[in-house]
Amino acid sequence: RILFFASHRPQSGDKTGMNTALGHLKVLDLTRILAGPWATQNLADMGAEVIKVERPGVGDDTRAWGPPFLKDAQGRETTDSSYFLSANRGKKSITVDLAHPEGQALLRELAQQADVVVENYKVGTLARYGLDYESLKAVNPRLVYCSITGFGQSGPYAALPGYDFVFQGMGGLMDITGVPEGEPGAAPMKSGIAITDIMTGMYATSAILAALEHRHVSGEGQYIDMSLLDCVVTISSYQAINYFLSGKVPKRMGNAHSNMVPYQVFKCKEGDIIIAVGNDGQYQSFCKVIGRDDLGAHPDYASSGQRNRNRAALIPQVAEAMLAKSMEEWIPLLEAANVPCGPIYNLKQVFEDPQVQHRDLKISLPHSAGVDAPAVASPIRLSGTPIRYGRSAPLLGEHNDAVLQDRLGLSAERLAELQAKGVV
């Protein structure tokens, strides 16, 4: 079997399955869509064995969220979409009907052997099947059990469903994102990715690892209640504190920053450039590079606070100066002066960038359709226990035999019986 490392370079002396951060952990993954799968993919990347449970015959909803779909060795479209591939690498897929008593019994056996269970069903669903935390804790007190829902396990909205888009609106993110009021095209705008799902997956990963560390000390598992709404409200971060301190509701500012100036996109003679001045020293250097030492010396702009208060007067002068050169001319001059700046790439340009290529952020992983599937590497770089990439996302039910026969000891006859009943 071929292993891919974060550096994309094999390391001499390594053995398959050894020297990973979480190789000692078993995760039962009862999630679908993105937030939950993103969390369990993080765990898989760090070496955990992740068994993904999917609906027989259908699988995770996102398998169908295409095109594009992965094509097999004969050029035929598989049932695996780009969306599914992005969040499910390195996992084992089994198909089990949670609504069937025999299916529930199988999952209880797997949970008894697991270190972690992650689920994102509506509040109360798994309790009906005897697969909730209290039921599984009775057979596995060391279990770390993470529930991911839209609104959390309590509160007036707890029973409601919800998708990322809804929470970007409810959490205030869309109201501070987009073209400012009064300008052409003014409107709230969602992020270009499902940012609430991704951030919830990241917070869930941190919470799971914290609970496992506590178990290491106490010997006891615990329950984790993760909410998409909680997470998107939390990442409002300094904008929320701006509101708390000032009493003023933050408004959309387009590409400008609420607290730092100049920190936005400027038009150049050719192209656009991002300027991200974060302190007074950078501002002085920036003014020298653009030939406006007078702006650096002006008392109205001497400090970050003064620049913010007087941005309406400062920004037009900076914008005029930026038109003197092209984006490609400005960037080396500004970089030489240690002024944070950069271009605005499309994704093709992102993966052509020499730094992105040096960091091996685009990888290829073997897929059971007989081809290599593209993936974006994990940003986690561990020196002693590097990320290891075994395989791409699994086919639906690919590991039924390996898990249900080898792990639970089901005979081939018993497995065939369960398949005939539609349990697996």
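Residue numbers restart at each chain and count upward from 1, following the sequence in its written direction. Selection of residues for local features in this predicted model requires a pLDDT of at least 70, selection of side-chain atom pairs for listing and counting requires 80 or more, and totals for whole chains, interfaces and linings are taken over all residues. For the side-chain quantities, the full set of heavy atoms in the structure was used; hydrogens and water were omitted.

Turning our eyes to something else, we now look at helix H3 (residues 101-113). Note on conventions: DSSP H or I runs of at least 4 residues are helices, E runs of at least 2 residues are strands, and numbering of each starts at the N terminus. Multiply 1.5 Å by the residue count of a helix minus one, and that product is the helix's expected span. With 13 residues, H3 ought to run about 18 Å at 1.5 Å a step, and its terminal C-alpha atoms sit 19 Å apart, in line with that. Burial here depends on accessible area, computed with a 1.4 Å probe over protein chains only, as a share of the maximum for the residue type. Under 20% is buried, over 50% is exposed, and the range in between is partly exposed. Of the positions making up H3, those classed as buried are Gly 103, Gln 104, Leu 106, Leu 107, Leu 110 and Ala 111. Around the axis of H3, the buried residues are gathered within 160° of arc, so they sit on the same side. By definition, the arc is the one covered by directions from the helix axis to the C-beta atoms.

Each reported salt bridge corresponds to a side-chain nitrogen of Lys or Arg within 4 Å of a carboxyl oxygen of Asp or Glu. Per the stated rule, a full pass over the model turns up 19 salt bridges. Across the pair Arg 414 and Glu 102 runs a salt bridge whose closest N-O atoms are separated by 2.5 Å. Of this pair, Arg 414 sits in helix H18 (residues 412-421) while Glu 102 sits in helix H3, and the two are 312 residues apart along the sequence. A relative accessible area of 29% means that Arg 414 is categorised as partly exposed. Connected through shared salt-bridge partners, Glu 102, Arg 414, Glu 417 and Lys 421 make up one network.

A few words on the packing of helix H1 (residues 35-45) against helix H7 (residues 195-218). Here an angle of 0 to 180 degrees is reported between the N-to-C directions of two axes, which are lines fitted to C-alpha atoms, with helices fitted over the stretch in contact. Packing of H1 against H7 leaves a shortest axis separation of 7 Å and a crossing angle of 45°. Judged by the inter-axis angle, H1 sits oblique to H7. Along this stretch, H1 crosses H7, giving a crossing that reads as right-handed. On H7, the residues that touch Ala 35, Trp 38, Ala 39, Asn 42 and Leu 43 of H1 are Asp 197, Ile 198, Thr 200, Gly 201, Met 202, Ala 204, Thr 205, Ile 208 and Leu 209. Charged means Asp, Glu, Lys or Arg here, nonpolar means Ala, Val, Leu, Ile, Met, Phe, Trp, Tyr, Cys or Pro, and polar covers whatever is left, Gly included. Counted by class, the contact of H1 with H7 contains nine nonpolar, four polar and one charged residues. We call two directions roughly parallel when the angle between them is under 35 degrees, roughly antiparallel when it is over 145, roughly perpendicular when it lies between 65 and 115, and oblique otherwise. Each crossing gets its hand from how the near helix is turned against the far one by less than a right angle, where anticlockwise is left-handed and clockwise is right-handed. Residue contacts are counted whenever heavy atoms from the two residues lie within 4.5 Å of one another.

Pairing between strands is defined by DSSP: at least two bridges between them are needed. What the three strands build is an open sheet, ordered S10-S11-S12; its pairing is antiparallel. The sheet terminates laterally at strand S10 (263-267) and strand S12 (341-342), the two strands that pair on one side only. Judged from the two bridges that link them, strand S11 (residues 272-276) and S12 form a sheet pairing that is antiparallel. Across the sheet, the residue bridging to Ile 275 is Cys 341, located in S12.

With that settled, the discussion passes to the nonpolar core. A general trend in soluble globular proteins is that nonpolar side chains are found buried together. Among the nonpolar cores identified, the biggest contains 33 residues, and Cys 146, Ile 148 and Ile 208 are the most heavily contacted of them. Elements represented by at least two residues in this core include exactly H1, strand S7 (116-119), strand S8 (144-149), H7, strand S9 (222-227), helix H8 (228-234) and strand S13 (362-366). With residues up to four places along the chain from it excluded, the contact list for Ile 148 reads Ala 35, Gly 36, Val 118, Glu 119, Asn 120, Tyr 121, Thr 200, Ala 204, Met 226 and Leu 228. By convention a nonpolar core is built from buried Ala, Val, Leu, Ile, Met, Phe, Trp, Tyr and Cys residues, the set being connected through side-chain atoms within 4.5 Å.

Our next topic: helix H14 (residues 327-336). For H14, the set of buried residues is Met 327, Trp 330, Ile 331 and Leu 334. Along the axis of H14, the buried positions cluster into a sector of 105°, meaning they face one direction only. Seen from the buried face of H14, the exposed residues on the opposite side, beyond 90 degrees, are Glu 328 and Ala 336. Here the buried face of H14 lies against S11, helix H10 (280-289), helix H13 (311-322) and S12. Asn 338 lies just past H14 and shows a positive phi near 60°.

With that settled, consider the sheet that holds strand S6 (residues 92-95). One open sheet holds the six strands; their spatial order is S6-S3-S2-S7-S8-S9, and the pairing between them is parallel. Each edge of the open sheet is held by one strand with a lone partner, namely S6 and S9. Within this sheet the neighbouring strands show an average axis-to-axis angle of 20°, counted without direction. As defined by bridge partners, strand S2 (residues 26-30) adjoins S7 across four bridges and the pair is classed as parallel. Bridge pairing links Val 27 to Val 116 in S7. Where H3 meets the sheet, its contacts fall on S2, strand S3 (49-54), S6 and S7, and the angle it forms with S2 comes to roughly 145°. In this fold helix H17 (residues 400-407) packs onto S2, S3 and S6, with an angle of close to 80° to the strand it touches most, S6.

Right, let's talk about the confidence of the model for the protein for a bit. Summary statistics for the protein give a mean pLDDT of 94 and a share of 96% for residues scoring 70 or more. Here residues 1-17 scores under 50 on pLDDT; set against residues more than four positions off or in separate chains, the count is 35 contacts. Residue-level confidence of the predictor is summarised by pLDDT, bounded by 0 at the bottom and 100 at the top.

Right, let's get into the packing of aromatic side chains. The aromatic pairing rule takes the rings of Phe, Tyr and Trp, using the six-membered ring of Trp, and pairs them if the centres are within 6.5 Å, calling planes under 30 degrees apart stacked, those over 60 edge-to-face and the rest tilted. Counted according to the given criterion, the structure contains eight aromatic pairs. Between Trp 65 and Tyr 83, the aromatic rings sit 5.0 Å apart at their centres with planes inclined by 80°, giving edge-to-face as the arrangement. In this pair, Trp 65 is assigned in the loop between S3 and strand S4 (69-71) and Tyr 83 in helix H2 (residues 82-87), connecting sequence segments 18 residues apart. When its relative accessible area of 27% is taken as the criterion, Tyr 83 is described as partly exposed. Pairwise contacts between aromatic rings join Trp 65, Tyr 83 and Tyr 163 into one cluster. By the criterion adopted, a ring carries a charge over it if an Arg CZ or a Lys NZ lies within 6 Å of its centre and within 35 degrees of its normal. Over the ring of Tyr 129 we find Arg 128; its NZ or CZ atom is 5.8 Å from the centre of that ring. For the cation-ring pair, Arg 307 lies above Tyr 283, with the distance from its terminal atom to the ring centre recorded as 4.3 Å.

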